[in-house]
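Here are the chains, one letter per residue:
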Amino acid sequence: MDYFKGLLFSMIGLLLFMTKNLLFIFVLLFSLNSCSVFQPVPEPRREFRGFWMATVVNIDWPKSGHDSIAKQKADYLKILDFYQNLNFNAAIVQVRTAGDAFYDSNYAPWSRYLTGEEGKAPDSTQSNHKTGMLGWMIDEAHNRGMEFHAWLNPYRATFDLKTETLSTNHDYHRHPDWMVKYGKKYYYNPGLPAVQDHMVSIIKELINNYPIDAIHYDDYFYPYTIKGETFKDSTTFNNYRLANQNLEDWRRSNMDSLIKKSYHAIQEVRPSVQFGVSPFGVWKNKSTDPKGSDTRAGQTTFENLYADPLLWMQEGWLDYIVPQIYWSMDLEVASHRKLLDWWADNTQTTNLYIGNGPYKIKNNSDKAWNKNRELPDQLTYARKNKTVNGNVFFSAKSLMQQKKGYIKRLKKKFYKNPALPPLVNVGDFIPFKIPTLIKVEKSSGKVILHFDNLQDVQQIIFYSSGNEAQLYYQNKRILSKIFVEEENMIVFQSDDVINKKNIAYTFIDKYGKESEPKIIHLKQTELYD
């Protein structure tokens, strides 16, 4: 009897042990599955990490054109600081929204979204910068190791039909023959060569007056189709079309001309300035063209906006492209997954970044956006594709409105360390002269480095290092990224750098190439005198 009792208790014990372990395994698997959305993903050394800062109708910034300059500056820095903490490296800031400007321009009035009244200049005594508010904005982005991409809306002339609020310097008044009313807005007529040349003049003015890193066009070329409305450009079509050219092809040729002229204007003035475009995410549906994507989009870039970014890339007119793929991973009519694959398959020599829409998180009829894993899944999928070189988020405030825990996990998984910007595809390799360090000064909490010539350098990257320089430093060793503003001098005040005994540094040229690391012994500055 005792034997059977012992056997029974042994079996019960074994059963309890197995149940306990099965429960443990179940809990472990559940935990792994629930946390997998935020498991660390290997970070690439080079990756474009950008965000769109929309200024039209004060979407992201400023919160109001009537705010004081001090408040506008504080709000701007809050956005930059948020993305600096996430280790982002590019701010795409809208400086032309609808025939206006966020800077002193000969071609457009001051924006009402900046000053509260179109044509009214900001108080110059408050901007406290030699090149005004925009110059200050660029400097602050550079101070945080971010590129500044000047975002222009090329052809939207007004945001509504309230023309009485427009400045007398607005093109609606100066060039009424350029305007086409469509829906509840006015647009520049893309078919007029004078309009294309006007945009080229705007680009040259920006590049000549401000140290921007890129010119960026959004997806508003010809306007999105409005059912029952006609874009009235028939007279222009009859005056400028080629023989046997239909309306659709003629419109696309106008967009081709704008892109080509814009690219060559940049190359003429400052070739190191990049040129990028962020088209609508669907080029064509497969139902209308076998080369199109497996989607059922109601409108397409090629057929409705009359834009052909595939041709622009083929001709070498773009440095980067950011298709706006704002849909969820497996949305039936326009899957993010399928569209990313399609753009990767159709992008060769141009840097490809993916436009993501965090503005939809828990704020969209597509229930996929209610899941915490939707955006992380998109970022993971992008990183797995070797053709994709980064991501851009629309819009700046959208991610900032998410819970801190979500942001913290996003940083831990994707953006734990800084990343260098992608190389710009410029064809043949262009070598740059490596500057020589002449002198190191330490004074009043600052370190000043004097070089013989920094003309070809865009940034200097500082790494934590031992006494001897390594051939290669991982991104986690990056201490600071400083944009070059002076011809032969770098000044930094970062405690992360100053308090080190030794630091390594490399140069990044204007096309993204990095030089070999060199060492500075900060405790022995007399070595450089």
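All residue numbers here refer to positions counted from 1 along the written sequence of the relevant chain. Under the rules for a predicted model, residues below a pLDDT of 70 receive no local features and side-chain atom pairs below 80 are neither given nor counted, while totals for whole chains, interfaces and linings still include all residues. Working from all heavy atoms in the structure, the side-chain values ignore hydrogens and water.

### Comments concerning the confidence of the model for the chain
For any part of a model where pLDDT is low, the fine detail of the predicted coordinates should not be relied upon.
For step 1, the next point in the chain: Looking at the chain as a whole, its pLDDT mean stands at 91, while 91% of the residues score no less than 70.
For step 2, the next point in the chain: Confidence over residues 1–10 falls short of pLDDT 50; this stretch has zero contacts with residues more than four positions distant or in other chains.
For step 3, the next point in the chain: Residue-level confidence of the predictor, termed pLDDT, takes values from 0 up to 100. In what follows, a contact means two residues having at least one pair of non-hydrogen atoms within 4.5 Å. Every residue in residues 12–36 is under pLDDT 50, and counting partners more than four places away or in other chains gives three contacts.

### Some words on unusual backbone geometry
For step 1, the next point in the chain: Cis geometry marks the peptide bond from Trp61 to Pro62; its omega dihedral reads -15°.
For step 2, the next point in the chain: Secondary structure counts use DSSP, requiring at least four H or I residues in a row for a helix and at least two E residues in a row for a strand, with both numbered from the N terminus. Within the fold, Pro62 resides in the loop between strand E1 (48–53) and helix H2 (69–85).
For step 3, the next point in the chain: Residues Phe394 and Ser395 are joined by a peptide bond in cis, for which omega reads -5°.
For step 4, the next point in the chain: By secondary structure assignment, the location of Ser395 is in the loop between strand E10 (388–393) and helix H13 (396–400).

### Considering the packing of H2 against helix H5 (residues 132–143)
For step 1, the next point in the chain: Here H2 crosses H5 at 25°, and the two axes come no closer than 11 Å. Here H5 runs roughly parallel to H2, going by the angle between their axes. Seen from above, H2 lies across H5 with right-handed handedness. Along the contact surface, H2 presents Ile69, Gln72, Lys73, Tyr76, Leu77 and Leu80, while H5 presents Met133, Trp136, Met137, Ile138, Glu140 and Ala141.
For step 2, the next point in the chain: In this classification, the charged set is Asp, Glu, Lys and Arg, the nonpolar set is Ala, Val, Leu, Ile, Met, Phe, Trp, Tyr, Cys and Pro, and all remaining amino acids, among them Gly, are polar. Class assignment of the residues belonging to the contact of H2 with H5 gives a composition of nine nonpolar, one polar and two charged. Helix axes are fitted only over the stretch in contact, all axes being lines through C-alpha atoms; the angle between N-to-C directions runs from 0 to 180 degrees. Angular relationships are summarised with four words: roughly parallel below 35 degrees, roughly antiparallel beyond 145, roughly perpendicular across 65 to 115, and oblique for the angles in between. By definition, any crossing whose near helix is turned counterclockwise from its far helix by less than a right angle is left-handed, and any crossing with a clockwise turn is right-handed.

### A look at the sheet that holds strand E16 (residues 502–509)
For step 1, the next point in the chain: The strand order E14-E13-E16-E17 describes an open sheet built from four strands, whose pairing is antiparallel. Each end of this open sheet is capped by a strand with a single partner; those strands are strand E14 (478–483) and strand E17 (518–521). Ignoring which end each strand starts from, the neighbouring axes of this sheet average 30° apart.
For step 2, the next point in the chain: Here E16 runs beside E17; their pairing, made up of four bridges, is antiparallel. When the bridges of E17 are listed, Tyr505 appears paired with Lys518. A strand pair is defined by DSSP finding two or more bridges across the two strands.

### As for the layout of surface pockets
For step 1, the next point in the chain: Put plainly, a pocket is an open set of points on a 1 Å grid over the protein atoms alone with protein on both sides within 12 Å along at least five of seven lines, a cavity is a set where a 1.4 Å probe fits but cannot get out, and a lining residue has an atom within 4 Å of a point. Grid points are joined across faces, edges and corners, and a volume is the space filled by probe spheres set on the points. Each pocket or cavity is described by its volume, and for the largest pocket that value is around 950 Å³.
For step 2, the next point in the chain: Lining the largest pocket are 40 residues, with His142, Pro211, Val484, Glu485 and Glu486 sitting closest to its centre.
For step 3, the next point in the chain: Breaking the lining of the largest pocket down by element, the ones donating at least two residues are H5, strand E13 (457–464), E14, strand E15 (489–492) and E16.
For step 4, the next point in the chain: Counting residues per element, the lining of the largest pocket draws most heavily on H5, which supplies four residues.
For step 5, the next point in the chain: A per-class count over the lining of the largest pocket returns 16 nonpolar, twelve polar and twelve charged.
For step 6, the next point in the chain: Each pocket or cavity is described by its volume, and for the second largest pocket that value is around 590 Å³.
For step 7, the next point in the chain: Together, 28 residues line the second largest pocket, and Asp219, Tyr220, Tyr224, Gln324 and Tyr326 are the ones closest to its centre.
For step 8, the next point in the chain: Within the lining of the second largest pocket, the residues separate by chemical class into 17 nonpolar, five polar and six charged.

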